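Survey of secondary and tertiary structure
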Amino acid sequence: MTGIRVTVVATRGSAPREAGAQMFVTAEGARGTIGGGALEWEAMAQARRMLAEGVARAERRISLGPGLGQCCGGAVELRFEAAEGLKRSQGAPLWVWGAGHVGRALVGVLAPLPGVAITWIDTAEDRFPPQVPDAVTRLVAADPPRLMQHAPRDAHHLILTYSHDIDLALCDAALGHGFAGCGLIGSATKWARFRSRLAAMGHGIAEISRIDCPIGDPSLGKHPQAIAVGVAARLLKEHMPKEAADGDSAREAGHGEA
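Residues numbered from 1 in each chain as written. Predicted model: local features only at pLDDT ≥ 70, side-chain atom pairs only at ≥ 80, totals over all residues. Heavy atoms only, no water.

**Notes on the side chain of Asp 167**
- For Asp 167, the position within the fold is in helix H4 (residues 164–177).
- Assessed through its relative accessible area of 0%, Asp 167 is described here as buried.
- Those residues in contact with Asp 167 that sit more than four places away from it in its chain are Ile 159, Leu 160, Thr 161, Leu 184, Lys 190 and Phe 194. (Helix = DSSP H or I, 4+ residues; strand = E, 2+ residues; numbered from the N terminus. Buried < 20%, exposed > 50% of the residue type's maximum accessible area, 1.4 Å probe, protein only. Contact = heavy atoms within 4.5 Å.)

**Details of the nonpolar core**
- In terms of nonpolar packing, the biggest core is built from 25 residues, with Trp 97, Leu 184, Trp 191, Leu 198 and Ile 211 touching the most fellow members.
- Of all elements in the fold, only strand S6 (92–97), H4, strand S10 (181–184) and helix H5 (188–200) reach the threshold of two or more residues within this core.
- A per-element tally of this core places H4 first, with 7 residues.
- The contact partners of Leu 198, leaving out residues within four places of it in the chain, are Leu 168, Cys 171, Asp 172, Leu 175, Trp 191, His 203, Ile 208 and Ile 211.
- Val 96, Leu 110, Ile 215 and Ala 228 belong to the second-largest nonpolar core, a separate cluster that totals 23 residues. (Core = buried A, V, L, I, M, F, W, Y, C linked by side-chain atoms within 4.5 Å.)

**Structural notes on the pattern of salt bridges**
- Inspection of the entire model under this criterion finds 11 salt bridges.
- With a closest N to O distance of 3.5 Å, Arg 5 and Glu 81 form a salt bridge. Remark: Glu 81 occurs in strand S5 (residues 75–83) and Arg 5 occurs in strand S1 (residues 3–12); sequence separation between them is 76 residues.
- The exposure class of Arg 5 is buried, given its relative accessible area of 12%.
- With its nearest N and O atoms 3.6 Å apart, the salt bridge here joins Asp 212 to Arg 234. (Salt bridge = Lys/Arg side-chain N within 4 Å of Asp/Glu carboxyl O.)

**Focus: the sheet that holds strand S4 (residues 57–63)**
- Reading across the sheet, the 5 strands line up as S3-S2-S1-S5-S4 and stay open at both edges, with antiparallel pairing between neighbours. Unpaired on one side and paired on the other, strand S3 (30–32) and S4 mark the two borders of the sheet. Going across the sheet, the axis of each strand differs from the next one's by a mean of 20°, ignoring polarity.
- Inspection of the sheet shows strand S2 (residues 22–25) paired to S3 by 3 bridges, in the antiparallel sense. (Pairing = 2+ DSSP bridges. Axes fitted to C-alpha atoms, helices over the stretch in contact; angles between N-to-C directions.)

**Comments concerning empty space enclosed by the protein**
- Per the stated rule, a full pass over the model turns up 2 cavities of 30 Å³ or more.
- The volume enclosed by the second largest cavity comes to roughly 30 Å³.
- Taken together, Trp 97, Gly 98, Ile 121, Asp 122, Thr 123, Pro 144, Thr 161 and Ile 166 make up the full set of residues lining the second largest cavity. (1 Å grid on protein atoms, 1.4 Å probe; cavity = no way out; pocket = protein on both sides within 12 Å on 5 of 7 lines; lining within 4 Å. Points joined across faces, edges and corners; volume = space filled by probe spheres on them.)

Next up, the structure:
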């Protein structure tokens, strides 16, 4: 077996993460999180015992009280199972067009969130980083705009390729295809030019205005991580399902490490 995937199956009372949160544990390390702190260390220890003993599946209920030195006071039910990685999210579709510095920062911030299913597109394999999060679907497309027709019509799109021509063609394709939300990286000058060119292509002003440009929160600055933080905050507040921001709606209050 490659590793053990640990999944929060259910919670009772105050817990650090929601049902569905995952962590993937190998003998050398771990990816993802089920809440940090003593709970996570205990889960990793059990997963590594399973790897050493060749055990493929287990269930466990852990109380988050004095026994773990935590003050949450709730309990979590965990499922441990042999796996090759984290399970891909089945949440709100988010298509990220471009694997440059900003694309990488965005995927790094958004991929760990539950309830967000990311598809990441660029024109060549070597444009992606060597390691892509397990929960992300990576697609190589020589002509990205042609791929737009395969996107769900309820998808959110973030367009940030290395080419203004590709960006414009993607905006055109998105407007023709339909979307739940669409953001374009760029300055006010770039967007003014794009608005004019999209109108000349036959798109109405109201439809063009559905595309957000610039993306994120300009007051945070232009560093890729700052852009990523601003985009993620806006998506979670305005667009993504509530569970992506808060976790399972049945969870009682409990944030960060217990």
